[in-house]
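Residues per chain, in single letters:
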Amino acid sequence: MVKTSSVLGLNARAGLFSYKYNPFVGKKIATSKLKTKKILREAGIPVPDIYAQFKTVRKLNKFDWKKLPSSFALKPNKGLGGEGIIVIKKKTKDGTGWVTTKRTNVTPEDLALHIMDIFEGAFSMRNSPDMAFIEEFVGRHKIFRKFAFRGTPDIRIIVFNKVPVMAMLRLPTKESGGRANLHQGAIAVGIDIVTGITTKAYWKGDYIRHKPGTKRKLHGIKIPNWTKMLEMAVRCQEATGLGYMGADIVLHPERGPMVLELNYLPGLQIQIANAAGLKKRLERVEDLIVHDAEHGVKIAKALFAARFSDRVKAKEGIKTIKAFETIRIRARDKKKVSVGAKIDTGAWRTSISQKLADELGLMEKENILWTKKVKSSLGSEERRVISLTFWLAGRKITTPASVAKRLTLKFPVIIGRKNLKGMLIDPSVSVEEKLEAEEKIKQI
Amino acid sequence: MFKRRVVIVVVFSLATFLSFFISSTVLLAQGNISIPSPTPTELPSPSPEPTPRPDLTQITEETVGPLEKLLREQVVGPAWPLNPIKHAIRGSVDAGVPTNTIVLLLLLPFVAMIIAAARHVVGLRGFGIFLPAALSVVFLSTGPIMGILLFLVIVTFSTLMRIMMRRASIKLQYLPRMALMLWFVVLGVLGILFLAPVVNRPELSNVSIFSVLILVLLAEDFSKVQLGKSAKVAVNLTTETLILALVSYAFLTFEGLQNYALLNPESYLLLVAFANYLLGKYVGLRLAEYWRFRKLITS
């Protein structure tokens, strides 16, 4: 159940985000696939290779089709929604033509005619004249072989203010003719930002659990190189200057993730696939000061964990915890340190004392997610929010935690409601137990 | 896109008029042709001629009367500061500008606003803003039923041509293919017009060249989308365009609105401008999006 106010619609996408945060230059880059490739390559972001570019009819007539390898993709430079793309898988047996992923045969004449159509703008916005290019065919990574029909699946990551806010996997189906485009019938699969594991699949107006016609589960697929992919998406944003955009990333079987194209008006169906509203997430990160890709990814992982992790918790059963618990915190050097914590259902967010955070090395710049002003009875103060990972009652929890300066904090960590899902709190604390807990803290 | 359309309209109309002019003068000079004059059919009813439907784009006694009468009846205060447009309207009507033209012009921004609202609040897309608005004026001229009928004929012809080309596996480049489509469409419309002596419906004989041209534009958009995207998208967009045009047509013929715009042009224009401003600032979900995201909102 998602509130309508947290769902991003077409009006809000344009009015509140795309128009506001995307400068003209960035949009121009994103509109042209060739320009995008050039800019990204200069920024050191991997992209598929280009075999040929066609700008004029003369160049097309002179082109030697025999030079091409047996698999490639012919694309319009400014094509919209995957229109006008022909993907060639292999040569025909007689060697005069090729076989497409749709299993139709094409000859060089067919391709030339298609390129002429592209020149005339048959696939570009407002039918403006266009260029065509031939690109390396990126095959399927073995992890997707069982799930995608013929074509190559891609991963769409929406980035805003250098924070990756939502992601989905697009799986080609028989209906989509091997293309990873939702309008043509591909499956949209939501991805948990924290782990890179798929959560829900949405296809043709319904949530599905299995690949159509098979018993292969679509949730629980772990996408390799996940953190690298997220950082790559953010670096695309830094390279193009687009404030709000979607990056389409494919996983090359050998060379790893590479960026296919960028979109400054990314589709809204990603919300259904993730069963989460985009508007709320965008508003959440709109005012944050994000230093670099790594920082942005860290913020995303602290903020946007998918609900499926709650479901995993529910499966484990409800844990009963005491009002005072010993937790283990992961320090900067990855060591686990035991500290005493108070469970406080009156607080929303978990907080940690500044002294302890300093000792554990958690106050380093790249671990600080953001700083916020808090007004209290003592006036306004700046409070920093850091990324905190700890284990409570056998569960690993990663969460934003605010740093409190209060020195009288007997228990250096207070755990708020936000991290208490699936837990039952036993409020009766005997004097002995309290003493015991305090004793433990002294020992630490 | 808009510019291109306008250019197409101008060029086509010029070419058509030119060819009509040349052919008719040549034929007349040869003396082989007699200009067909509408021969009234013998009707059982006592009325000698079928009464033509009121056409706001043409000047006829029926529509001029009431609007002008309204103008005459209204008592207008001093021109400044509140009534400058009212006085200007009276001046130009006295100088011979048809009241119909003024009313239609005044209603066009309203229709455009309705189309914008349909997109941003309801979620009906259609082919841009110009085409539905122009189409509603076509409906005004030909009547909605005849307009849709003509449109269906045009779309059928263009689709038929496409299927035939595919069957015969003729592959042509984009613009020649489009030109050939127009060739077919004109043939189809001419066929309809040739039916006029047989069917003898006043709407048919009243069809003006501009109506046909605007319908051809719509057909061109239809087949462009059909080519670039899919037949389903093309049918959807076209249906939406027709719905928008019908709604606009309803507003254009709504007497209360006509009267209000004519009698209070200042406040009417300001209201429309303000509504457009509000629409431009609206960032909430469109009605269609509540349906699109129903799984998200209710699950």
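With respect to the overall build of chain B
Here's step 1: Broken down by element type, chain B carries 15 helices and 0 strands.
Here's step 2: Sorting the 299 residues of chain B into buried and exposed places 26% on the buried side.
Here's step 3: In chain B, 78% of the contacts between residues at least 6 apart in sequence involve partners at least 24 apart.

Examining the overall build of chain A
Here's step 1: For chain A, the count of helices and strands is 12 helices and 22 strands.
Here's step 2: Along the first, second and third principal axes, the C-alpha atoms of chain A reach 90 × 45 × 40 Å.
Here's step 3: Evaluated residue by residue, chain A yields a buried proportion of 43% over its 444 residues.
Here's step 4: Contacts in chain A between residues at least 24 apart in sequence constitute 64% of all its contacts with a sequence separation of at least 6.

Looking at the sheet that holds strand β4 (residues 98-100) of chain A
Residues and elements named next belong to chain A.
Here's step 1: With respect to topology, 6 strands assemble into an open sheet ordered β1-β6-β2-β3-β4-β5, the strand pairing being antiparallel. A single partner strand is all that each edge strand has here, and the edge strands are β1 (50-54) and β5 (105-106).
Here's step 2: Alignment of strand β2 (residues 72-76) against strand β3 (residues 86-91), held across 3 bridges, turns out to be antiparallel. Residue pairing across strands places Phe72 opposite Ile88, the latter belonging to β3.

Here we look at the interface of chain A and chain B
When the parts of a complex come together, some accessible area is lost, and that lost area is often taken as the interface size.
Here's step 1: Listed by partner, the interface residues are 23 residues for chain A and 21 residues for chain B.
Here's step 2: Within the residue set of the side of chain A that touches chain B, elements represented by two or more residues are α1 (10-21), α5 (108-119) and α7 (270-274) of chain A.
Here's step 3: When residues in the side of chain A that touches chain B are grouped by element, the largest group, 5 residues, is from α1(A).
Here's step 4: For the side of chain A that touches chain B, the class distribution of residues is 13 nonpolar, 6 polar and 4 charged.

As for helix α6 (residues 144-167) of chain B
Residue and element names in this part refer to chain B.
Here's step 1: Here α6 contains 24 residues, and its C-alpha end-to-end distance of 34 Å stays within 8% of the 34 Å for a straight helix at 1.5 Å per residue.
Here's step 2: Among the residues of α6, those classed as buried are Met146, Gly147, Leu150, Phe151, Ile154, Val155, Phe157, Ser158 and Met161.
Here's step 3: In the segment just after α6, Ser169 is the residue with positive phi, at about 45 degrees.

Overview of the domain arrangement of chain A
Residue and element names in this part refer to chain A.
Here's step 1: Taken domain by domain, chain A holds domain 1 (1-29 + 42-47 + 138-316), domain 2 (49-137) and domain 3 (317-443).
Here's step 2: Each of domain 1 and domain 2 has a C-alpha centre, and these two points are 28 Å apart.
Here's step 3: Taken together, the contact pairs 10 residues of domain 1 with 7 residues of domain 2.
Here's step 4: Grouping the amino acids of the side of domain 1 that touches domain 2 by side-chain chemistry returns 1 nonpolar, 7 polar and 2 charged.

What to know about the pairing of strand β8 (residues 163-171) of chain A
It is a general feature of regular strands that their side chains alternate between the two faces of the sheet.
Residues and elements named next belong to chain A.
Here's step 1: Burial runs high along β8: 9 of the 9 residues are buried.
Here's step 2: Taken together, the 7 bridges between strand β7 (residues 154-160) and β8 define a ladder with antiparallel strand orientation. Pairing of Asp154 across the sheet is with Arg170, part of β8.
Here's step 3: Linking β7 back to β8 in an antiparallel pair, the connection comprises 2 residues, with Asn161 at a positive phi of about 50 degrees.
Here's step 4: When β8 meets strand β9 (residues 187-191), the two strands line up antiparallel, connected through 5 bridges. Counted as the bridge partner of Met168 is Gly190 from β9.

Details of the confidence of the model for chain B
Residues and elements named next belong to chain B.
Here's step 1: This prediction gives chain B a mean pLDDT of 77; 77% of its residues lie at or above 70.
Here's step 2: Taken together, the stretch residues 17-49 has pLDDT below 50 and engages in 7 contacts with residues farther than four places along the chain or on a different chain.
Here's step 3: Here the prediction assigns the complex a pTM of 0.75, and the interface score ipTM is 0.73.

Considering the sheet that holds β9(A)
Residues and elements named next belong to chain A.
Here's step 1: Strand order across the open sheet formed by 7 strands is β11-β10-β9-β8-β7-β12-β13, with antiparallel pairing between neighbours. Across the chains shown, the open sheet's two edge strands, defined by having one partner strand only, are β11 (206-208) and β13 (256-263). When the angles between neighbouring strand axes are averaged without regard to direction, this sheet yields 30 degrees.

Things to note about the environment of Met363(A)
Residue and element names in this part refer to chain A.
Here's step 1: Among the structural elements, Met363 can be located in the loop between α11 (354-359) and β18 (368-376).
Here's step 2: Separated by 116 residues in the primary sequence, Met363 and Ala247 place their C-alpha atoms 31 Å from one another.
Here's step 3: Not counting residues up to four positions away in its chain, the partners in contact with Met363 are Ala357, Asp358, Ile368 and Ile386.

So, the environment of Leu369(A)
Residue and element names in this part refer to chain A.
Here's step 1: Assignment of secondary structure puts Leu369 in strand β18.
Here's step 2: With 69 residues separating them in the primary sequence, Leu369 and Ala300 have C-alpha atoms 9.4 Å apart.
Here's step 3: With residues near it in sequence (within four places) discarded, Leu369 still touches Lys298, Ile299, Ala302, Val385, Ile386, Ser387 and Pro400.

Criteria and cut-off values
- Residues numbered from 1 in each chain as written.
- Chains lettered and ligands numbered in written order.
- Predicted model: local features only at pLDDT ≥ 70, side-chain atom pairs only at ≥ 80, totals over all residues.
- Helix = DSSP H or I, 4+ residues; strand = E, 2+ residues; numbered from the N terminus.
- Buried ≥ 20, exposed ≤ 12 C-beta atoms within 10 Å, placed from the backbone.
- Contact = placed C-beta atoms within 7 Å.
- Pairing = 2+ DSSP bridges.
- Nonpolar A, V, L, I, M, F, W, Y, C, P; charged D, E, K, R; others polar.
- Expected span 1.5 Å × (residues − 1).
- Domains from an automatic or database assignment.
- pLDDT = per-residue confidence, 0-100.
- Axes fitted to C-alpha atoms, helices over the stretch in contact; angles between N-to-C directions.

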